Amino acid sequence: GLEMEVIVFQPEIVSKSVNDFISNLIQSVILVIVVMLAFLGLRTGLVVASLIPMTILTTFWLMSIFGVGIDQISLAALIIALGMLVDNAIVMSESILVQMEEGKSGFDASVSSAKELSTPLLTSSLTTIAAFLPIYLAESNAGEYTAPLFKVVTIALCSSWLLSLVLIPLLSVNVLRPTARQPDADPFNTPFYRWYRRTLEAMVRRRWVTLGVLIGLFGISLAGVSLLPSTFFPESDRPLLTAKLNMPTGTSMQETESVVWEIEEFLASELEDEIVDWVSFMGDGGPRFVLTYNPASPSTSTGIMILNARDRDAAIAAGEKLRAFCGERFPDLVANIRPLEMGPPVGDPIGFQITGRDSDALFEVIEDLKRQLSEIPGVYGIQDDWGMQVKKLVVEIDQDRAMRSGVSSQDIAVSLQSSLSGLEATEFREGVEPIPVMLRAEEADRGDLDRLQTIQVQSQSTGRSVPLLQVADVSMAFEPSLIRRRDRTRAVKVEASLNEDVTQLDDVNAAIEAWLEKQKADWPVGMGYSVEGRDKASSEANAAIFDKLPIAAAMIVFLLVFQFNSIRRPTIVLATLPLGLIGVVSGLLIAGSYMGFMTLLGIISLMGIIINNAVVLLDRIQLEIEELGRSPADAIIEAAQRRLRPILLTTATTIMGLVPLWVSGGPMWEPMAIAIIFGLAFATVLTLGAVPVLYSIFFRVQID
């Protein structure tokens, strides 16, 4: 009997991936709770920590209602939201505790805190949600792929806000025990607070110097971006290889099969230590077993192999050996052997499209381009999408001679068809199956040009026959096997792959683009080029997000103006956003990571958290001036001291929550986690100094 072996069993892989993320989520929750217990003490820590499981359960329930599935992206969104959702509970419980220490009953303290904080907390949650909005609105494959980030963060933060107003006051009344404070005791009379106060006063006094230093740091970080390697989405860390085997267009199925069988023999004899099992598809791209795999169109000249290796290192080693074998053994085979991609399918990383009207001029440029690519180390599998040129029989009919012989073009076409490809004479039925009976010349006659010229062309009108040579000139010519067009102009795409060091893609594209620009001067009118491949997919995905940023910015500004009833304060908040980039660039360089689509999402997520911190600080400055009657100079220092602990705590919980995602999130999530962790660490330190400094500049506050 037949034996079947499962090469790729997606349910197992998906459940393992989701389980890994659930364990990351549990680790994050534990780390966040430990941080809160350490910072807030047992009672307050437990009150705030109770919000986490309640919010997560509420979020899962709402996700099921809104049809958001549990996958890598939705679980990662929960991990990102962890630190932010705790923020609402920290601010609420601290406010209740402070009021209880001032002598209010637990009930009164809870009610007045809920009244006072409901709008500011909602505004800060909505500004954070607005920062994620471009991810959801982005009109691209990558945007669709990562849209659950926005949905889950929105659900989690709204749930957290609601539970903070209902659950936290309830628990605070029953659990918190205020310590009676001496009326004249200063809670900020500790070495750390004294150092912070002195530093802050010095920064505000020399505000223009401070501002200059911040702008300088931002400038350096912008320059540092060019040092970062970039890629759209990383390759998968699964030990799986796909081998796309392209023979010259028109190759028969038998020949393609024999090539694949020979490769399979090589796998069995030479790569038994690296490769566990494989499956081959001939003439067909195989099933789309995972979202990131794009099956090739059916063709007798293509073969696809999916190979499972023992581990990631074995997959890389096997890929190199297999590539070398194919290059040596089959010179006319283009073998693209590489791991699966993460993110939306892109195809070959390197791609350039040349457009023009004249095929000969096009292919002169194409050949030069292929030569140029082949000289770059690490580039392999260079091919164009028209395929190799094939031999064609060119029959040029002499209409005058044909008319004199009483033969039409249709007569010649029918005679050639019956001789070469065959004409259906009748049908033979076997049961219910009709089998066509074809009439055509012997194979020896079909392949011989001299014999073809003597084919008898029969005139449908007169019934007379004349040799083909008498009415047409027959010759052999090499012509493209396939002609592709874009915008009605002939377009040839040259594609190639890169070795494992995919981060050099920018350098390759830059070098080839510079070369093409130089060559372009000599091209005929109507010829042009465009960059395709991973670079195009990346720039399109990034552009789709940047296109929607103004909507998010408008929403954030509207929310901030609504909260502060002022234009200057929202300007201060937005001016602190670039500070995050200083940390992002430093973090990526320190950790040896890269700039990609997920890094961009990390930066956008980071903006939401930075806005939150700045809003909390400005809100307190306003409260100190308007309700407690302090002078602006005192209010700046006092508000910064009062908000120091909640801001540091939010930062610490967000960072600790993201550590598991950095350590074990895999190549896709690592850069995002690094961007938020380092960006937030730098931005928090700078926000605690920059917001007071910017406030003193905008509101002309002088500290003596």
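In short, a report on the structure. Computed from a predicted structure; not experimentally measured.

Turning our eyes to something else, we now look at the packing of helix α4 (residues 72-101) against helix α23 (residues 632-664). Each pair of packed helices can be summarised by the angle the axes make with each other and by the distance between the axes. Where α4 meets α23, the axes come as close as 9 Å, and the angle between the chain directions of the two elements is 160°. The angle between α4 and α23 falls in the class roughly antiparallel. Between α4 and α23 lies a crossing whose hand is right-handed. Residues A76, I79, I80, G83, M84, V86, D87, I90 and E94 of α4 lie in contact with α23, whose contacting residues are R645, P646, L649, T650, T653, T654, G657, L658 and L661. A per-class count over the contact of α4 with α23 returns 10 nonpolar, five polar and three charged.

Enumeration according to the criterion identifies 14 salt bridges in this entry. A salt bridge links D473 to R401; the shortest N-O distance between them is 3.8 Å. Note that D473 is positioned in strand β12 (residues 472-479) and R401 in helix α13 (residues 399-404), a separation of 72 residues in sequence. Judged by relative accessible area, which is 44%, D473 ranks as partly exposed. We classify R401 as partly exposed; its relative accessible area is 25%. Measuring nitrogen to oxygen at the nearest pair gives 3.4 Å for the salt bridge that ties E532 to R486. With a gap of 46 residues between them, E532 in strand β15 (residues 528-532) and R486 in strand β13 (residues 485-486) connect regions that are remote in the sequence. On the accessibility criterion, E532 (4% relative accessible area) is buried. In this structure R486 comes out as partly exposed when scored by relative accessible area, which is 33%.

Turning to the environment of A147, a few remarks are in order. Within the secondary structure, A147 is located in the loop between α6 (141-146) and α7 (148-175). Look at A147 and you get buried, because its relative accessible area is 8%. Not counting residues within four places of it along the chain, the set of residues in contact with A147 comprises I135 and Y136.

To continue, consider the packing of helix α1 (residues 10-40) against helix α2 (residues 42-49). Direction vectors running N to C along α1 and α2 enclose 145°, while the axes themselves pass 7 Å from each other. Crossing handedness for the pair α1 and α2: right-handed. Residues I33, M36, L37 and L40 of α1 form the contact with α2, whose own contacting residues are L42, T44, G45, L46, V48 and A49.

Conventions used here
- Residues numbered from 1 in each chain as written.
- Predicted model: local features only at pLDDT ≥ 70, side-chain atom pairs only at ≥ 80, totals over all residues.
- Heavy atoms only, no water.
- Axes fitted to C-alpha atoms, helices over the stretch in contact; angles between N-to-C directions.
- Helix = DSSP H or I, 4+ residues; strand = E, 2+ residues; numbered from the N terminus.
- Parallel < 35°, antiparallel > 145°, perpendicular 65-115°, else oblique.
- Left-handed = near helix turned anticlockwise from the far one by under 90°.
- Contact = heavy atoms within 4.5 Å.
- Nonpolar A, V, L, I, M, F, W, Y, C, P; charged D, E, K, R; others polar.
- Salt bridge = Lys/Arg side-chain N within 4 Å of Asp/Glu carboxyl O.
- Buried < 20%, exposed > 50% of the residue type's maximum accessible area, 1.4 Å probe, protein only.

Worth remembering: the numbers are spatial, not functional.
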